[in-house]
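Structural characterization, general
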Amino acid sequence: MCDSSLLAVDSLWELFARAISLRDYNTRVVLGGTTMLGISGGLVGTFLVLRKRALAADVVSHAALPGIAVAFLLAERLAPGSGRSTSVLLFGAFASGLLGMAMTLAIRRWTRIKEDAALAIVLGLFFGLGMALFTVVQRTKTGNAAGLSNFIFGKAASMVASDVWLIGVVSVVIAMLCCGVFKEFSLLCFDEEFAAARGYRTMLLDWLLTLMAVTVTLIGLQSVGLLLVVALLLIPPTAARFWTNDLKVMSWLAAAIGGVSCAGGVVLSAAFPKLAAGAVIVLSGAGLFVVSLVFGKERGLWPKWSLQHQFEQRIGRSDLLRACYELLEPIHGSRETTQESLTKYEIDDLELLAMRQWPSGRFQKLVSSAVRERLLETNSTGGYQLTLRGAAEARDAVRRHRLWEIYLLTQTDLDPRLVDRGADGIEHVLDPQQLADLERQLDSHLPQGIPPSPHPIAGAAIN
Amino acid sequence: MSLFAPLQTWTSLDTWIILIGALAAMACALPGCFLLLRRQSLMGDAISHTSLLGIVAAFFVSHWLVEANVISPATELSVRHVAMCLGAAIVGVLSAWMTESLQKFGNVESSAALGVVFTSLFALGLLLIRAVADDVHIDPDCVLYGAIEMAPLETVGASGIPRAVFVTGVVLVINLLLTVMLFKELRLSAFDPALATTQGIPAHVMHYGLMGVTAMTLVAAFESVGSILVIAMLIIPPATAYLLTDRLPRMIGLSLLIAALSSVLGHVSALTLPTMIAESVGIPDVHDASTAGMMAAAAGFLFVSAMLLGPKYGLVSRVWHRLLLRLRIASEDVLGGLYRFEESAAASADVSLATERAAWLRSLTTQSWLTRLATWVLLRRRWLIGSGSDVQLTDAGREAARTLVRSHRLWESFLAKHFVLGTGRFHESAEQVEHFLDPALLAELDQDLDRPGVDPHGRAIPN
């Protein structure tokens, strides 16, 4: 294996270059058609995913199999040689795909079986029947060469120009239709009752959406294969959802992701003929999905995580500074604390640690990040001192905490022993407007400057 | 050619095929019952796709072990079988976990999450299998469609018993044991997960355990029978049984029976049906069809039969029972009407009454077919005599009519006593309820109302 691949490098590179530069007419044609397919799949899929119907497309594609076989057999019987025509096969696929869809609806409507099982039943039944019919096809004289199995695994390269034209034209029509009824479809997805109340024919719209999904699924059979074609409708919108909360943006993004993954898949599989086009298309989509999952602006994991991390940092910082303030407060005695006076005293890190039950690792991290941000500084004896900026922030934090404590003590029936904990949770989310409101409301209870703590402070009591 | 001609060449090979099919199908039906009840039917389908990745990984591992001289080529096959089962179980559980994580951390809707995971993993498996197919002698077609026809040829030692019988038999026994031992836990967590959790049954262990068992069963089975049969047998027999009974133990038993029956029906029809149909439409040279496909189709046939003919939930029986009920109501209305005319005739000698009665009877014959049918049935039963617009109650008919009118008037009295309704409303309610009051309830009503002689309209309540 190693030898052959070494030898093949040259020709492989050449193949790759050919594919990338689109020197082959065939690659160009296939690329164009499949990209259009990906775009329309992304558009239709957006609505399908929002209606939680995407897996129905999987059932449709599996259900198409017996139709393809029957169409082939009948066409061969009526006019020998016509069985391989794409339009004949697609017509059969369309008929039996719709039949499968109708059967799932019938099972859901007339039995007590739930949707998921109805889908699984129809999938198993039609796929089994299709396989049985396929073996029959293979045993007929012309069946062997029919290449019907391309429908199962997909083979973009086997498409001829007329197939691609069919796919391209149908895709464009579907994409245009999607844009045309965009408003109606969005109403259908988000508030079906409202749409019905506004006089839209929701039943008709639902059928239109289903019909469009079935069509995209079936024209995708040849390039992606029936086992994976559902991914065209499913992956791009699901990936796009991570980036935005706006339906319009989401659908364009889904179309773009669909187009890019299809184009990438076709190019890669043209460069490396061993790679099945369908699988490569799906995997390019999956790659974009993972990128969206991690980096997506609205729902992605990284933005969510970093937001949370920043918030935790802010909380830790203000807790640390408040502890510094409360440690230094008794030293001032009856004198008022000022920004300058707070910076004059040294803070012992063991005493600081005792103010609050920090895990020691977290404490170290908090202190060093405070030093880094110049809120604390180390002095010549190795202790810590607040900087002017740190002192100002510390006073703010203490003020927020105590205002809320006083509010809880004077305006609510909360147990005085609980106010410290209550204030701990809320102090970090008080915005300036709320602080001003609090001050106005508590006017009669407030001394000038920073109010004294209404309860003994834990760490200070130990000293 | 007779339908059963192909069966004259029946050999022990055919018996083995049926046995292997039945064992595999039964092994799948067991976890399938619980998947169906937990509404995770599509999970089984998804796992059967993603297992491909596990299988490929197992091929890599066993191949690598031989290359590295860790195991001898002679033992490679048995190592590979174990590795395949393990690999598939791991990938199965992994895909379940990925689906759940996508739902939890990515806010992706459950069916979309499932679809994204299974298409991506399946595409990866497909790609790998294609990339290494030349080295490891693995045929994706074979994994997907199986080769149940060939399975009996590979026997164990000199016993003459096919290896596949052992494999599927062992899996069936393991699944049976698991089902029996964990029956209580499985049942509780399927029907009421919240209650199961409060009783200390860990939901996660049950979920992932079921997924692991399903994946292992699928792989063991589809090594010998192909994944199509497995997808079908996982859900279709349990769903069929679900339509036939309300008891879980009976459902499990029935699904095993249906699975075995589909195997027999499937193989027999694979041998006979295609020839017959192909000959009748004039396609020569077709002798049989894929047995696995026909077994799946047979299971689907049994499902459709249960859906139509099931004793309690079947469509036919439901339509029939509704028809009977409507017929009873229609004939009771005819009897009640006649009785009221007799009553009025006895009370006054008004001549217009006779013309009114004749007009009413004429209207009956021009009314719905149901009323006409009801009148015909009443005449046949000799509760009415005469014909056309000249019919009279017989003694038996009068007795039935009296009970009905008694129900009607007792109910009106009951409503008058206990509800504050306008008098006009009594009649409509009584018109519906009169058909459903049984003797015991009538006696209770009678007692509650202190055996009233007349109804709220002042008409006598017959005894």
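Residues numbered from 1 in each chain as written. Chains lettered and ligands numbered in written order. Predicted model: local features only at pLDDT ≥ 70, side-chain atom pairs only at ≥ 80, totals over all residues.

Examining the overall build of chain B
The cut-off we apply is this: Strands are runs of DSSP state E lasting at least 2 residues, helices are runs of H or I lasting at least 4, and numbering of each runs from the N terminus. Two things to know: the radius of gyration comes from C-alpha atoms, and the globule rule equals 2.2 Å times the number of residues to the power 0.38. Residues with at least 20 other C-beta atoms within 10 Å of their own are called buried, those with 12 or fewer are called exposed, and the rest are partly exposed. The C-beta atoms themselves are positioned from the backbone.
Scanning chain B from N- to C-terminus turns up 18 helices and two strands. A compact globule built from 463 residues would reach a C-alpha radius of gyration of about 23 Å, whereas chain B, at 33 Å, exceeds it by more than 25%. Dimensions of chain B, computed from C-alpha atoms along their principal axes, come out at roughly 110 × 65 × 35 Å. Taken over 463 residues, chain B has a buried fraction of 43%.

Considering the interface of chain B and chain A
The test is simple: We call two residues in contact whenever the C-beta atoms placed from their backbones are within 7 Å.
Contacts between chain B and chain A engage 53 residues on the former and 50 residues on the latter. Of all the elements in the fold, those that place two or more residues in the side of chain B that touches chain A are α2 (41-67), α3 (73-106), α4 (110-136), α10 (227-244), α11 (248-280) and α12 (291-309) of chain B. Top contributing element to the side of chain B that touches chain A by residue count: α4(B), with 14 residues.

Brief notes about the domain arrangement of chain B
Heads up, the condition is: Note that domain bounds follow an automatic or database assignment of domains.
According to the domain assignment, chain B consists of domain 1 (10-313) and domain 2 (323-448). Each of domain 1 of chain B and domain 2 of chain B was reduced to a C-alpha centroid, and the two centroids are 59 Å apart.

Digging into the domain arrangement of chain A
We note that the domain assignment places domain 1 (28-299) and domain 2 (305-462) within chain A. If you average the C-alpha positions of domain 1 of chain A and of domain 2 of chain A, the two centres end up 59 Å apart.

Overview of the environment of A:E115
Residue and element names in this part refer to chain A. Relative to the helices and strands, E115 resides in helix α5 (residues 115-139). With 19 C-beta atoms counted inside 10 Å, the residue E115 sits in the partly exposed group. Considered as a pair, E115 and A256 are 141 residues apart in the sequence and their alpha carbons are 31 Å apart.

As for the nonpolar core
Keep this limit in mind: By convention the nonpolar core is taken to be a set of buried residues drawn from Ala, Val, Leu, Ile, Met, Phe, Trp, Tyr and Cys and joined through C-beta atoms within 7 Å.
Counting residues in hydrophobic clusters, the biggest one holds 212 residues, and the most contacted among them are A:I121, B:I20 and B:M233. Examining the composition of this core, we find that 19 residues originate from one element, helix α1 (residues 12-37) of chain B, more than from any other. Dropping the residues within four chain positions of it, B:M233 is found in contact with B:A25, B:C28, B:A29, B:A259 and B:A299. Judged by nonpolar contacts, the second largest core, of 22 residues, contains A:L328, A:M355, A:A394 and A:V398.

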